[in-house]
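# Descriptive analysis of the structure
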Amino acid sequence: MKLQARQIDSFLSDPGEGVLGALIFGADQGLVSERAQKLAKTIVDDVSDPFRVSTLTNDDFRADPARLTDELTSQSLTGGRRVVFLRVGGGDIAKQLGPILEDVPGDTLLIVEAGALTARSGLRKMFEKEANLVSIACYSDDGRAIAGLIDEVLGANGLTVQPDAKNFLLKQLGSDRLVSRRELEKLALFVGEKPSVSLEDTVQIIGDSGALSLEEVAFAVADGDGDK
């Protein structure tokens, strides 16, 4: 089943019953990781719990596909549903993975994290056509998504952001969700107990202050020039 953009947030908050696995893929690996973690937390409170969470890489799977079967059929010693992360990068493992998912009993949730996959990818096709599998594409954040992330991270730290500072942040962030989040967290830590984030704050922490003076940045933001 292929999720549309408007369905993704709802699914990640509550995947419901009957979903065996989710493929989360895209060039924005920070967003892939963030969504994978959010989905896993609907099943387990602590994604580092070794009894309920396992992680396999593409190399692990190719070297020993039966290991994935073992992980998917294992029962947690502490009770509760389990999660298995399978991080495949750009590898297309559809031929090896398909038979495993057809025969796996139980309710362990498989979360496959992958890089950018074309529409012809066998892995994408498999997750898009099966009713108990879900495919989620992760594209680089647009302006609206970046603005929401800015408000989310800074708001969680009790901060508001001044308009010129927000415009500057919108120009600087967005290539990778995890990098953007880390930069905003670093900015919040720098601002500390001040009530709002100023343009000067953002330039000192995120901007290329070695190449631009604060005055030049201010003029660029005011003019809507993001190339300076």
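Quick note: structure is the one above.
Residues numbered from 1 in each chain as written. Predicted model: local features only at pLDDT ≥ 70, side-chain atom pairs only at ≥ 80, totals over all residues. Heavy atoms only, no water.

### As for the sheet that holds strand β3 (residues 83–89)
Overall, parallel pairing links the five strands, which are arranged β2-β3-β4-β1-β5 in an open sheet. With partners counted over all chains shown, the strands left at the sheet margins are β2 (53–57) and β5 (133–137), one partner each. Here the average twist between neighbouring strands, direction ignored, is 15 degrees. Where β3 meets strand β4 (residues 109–114), six bridges bridge the pair, whose relative direction is parallel. Within β4, the residue paired with Arg87 across the bridge is Glu113. Lying on the sheet, helix α2 (residues 29–40) is in contact with β1 (21–25), β3, β4 and β5; it crosses β4 at an angle near 175 degrees. (Pairing = 2+ DSSP bridges. Helix = DSSP H or I, 4+ residues; strand = E, 2+ residues; numbered from the N terminus. Axes fitted to C-alpha atoms, helices over the stretch in contact; angles between N-to-C directions. Contact = heavy atoms within 4.5 Å.)

### A short note on the packing of helix α7 (residues 143–156) against helix α9 (residues 177–191)
Look at α7 against α9: their axes get within 9 Å of each other, and the N-to-C directions meet at 40 degrees. Here α9 runs oblique to α7, going by the angle between their axes. Relative to α9, α7 is oriented so that their crossing is right-handed. Packed against α7, whose contacting residues are Leu149, Ile150, Glu152, Val153 and Leu154, the element α9 presents Arg177, Ser180, Arg181, Leu184, Glu185 and Ala188 at the interface. Classifying every residue of the contact of α7 with α9 gives six nonpolar, one polar and four charged. (Parallel < 35°, antiparallel > 145°, perpendicular 65-115°, else oblique. Left-handed = near helix turned anticlockwise from the far one by under 90°. Nonpolar A, V, L, I, M, F, W, Y, C, P; charged D, E, K, R; others polar.)

### Comments concerning the environment of Ala116
Structurally, the position occupied by Ala116 is in the loop between β4 and α6 (122–129). For the pair Ala116 and Leu189, spaced 73 residues apart in sequence, the C-alpha separation works out to 33 Å. Look past the residues within four positions of Ala116 in its chain and what remains in contact with it is Gly26 and Ala27.

### Considerations on the packing of α2 against α9
Two numbers describe how α2 lies on α9: the axes approach to 5 Å, and their chain directions differ by 85 degrees. Taken together, α2 and α9 sit at an angle that is classed as roughly perpendicular. Across the interface between the two elements, Gly30, Leu31 and Glu34 of α2 pack against Arg177, Leu178 and Arg181 of α9. When its residues are assigned to classes, the contact of α2 with α9 shows two nonpolar, one polar and three charged.

### Let's talk about the pattern of salt bridges
Taken as a whole and judged by the stated rule, the model has ten salt bridges. When the shortest N-O distance is used, the salt bridge between Asp201 and Lys194 registers 2.9 Å. On the accessibility criterion, Lys194 (39% relative accessible area) is partly exposed. Residues participating in the shared-partner salt-bridge network are Glu34, Glu152, Arg177 and Arg181. (Salt bridge = Lys/Arg side-chain N within 4 Å of Asp/Glu carboxyl O. Buried < 20%, exposed > 50% of the residue type's maximum accessible area, 1.4 Å probe, protein only.)

Honestly, it's all geometry; don't read function into it.
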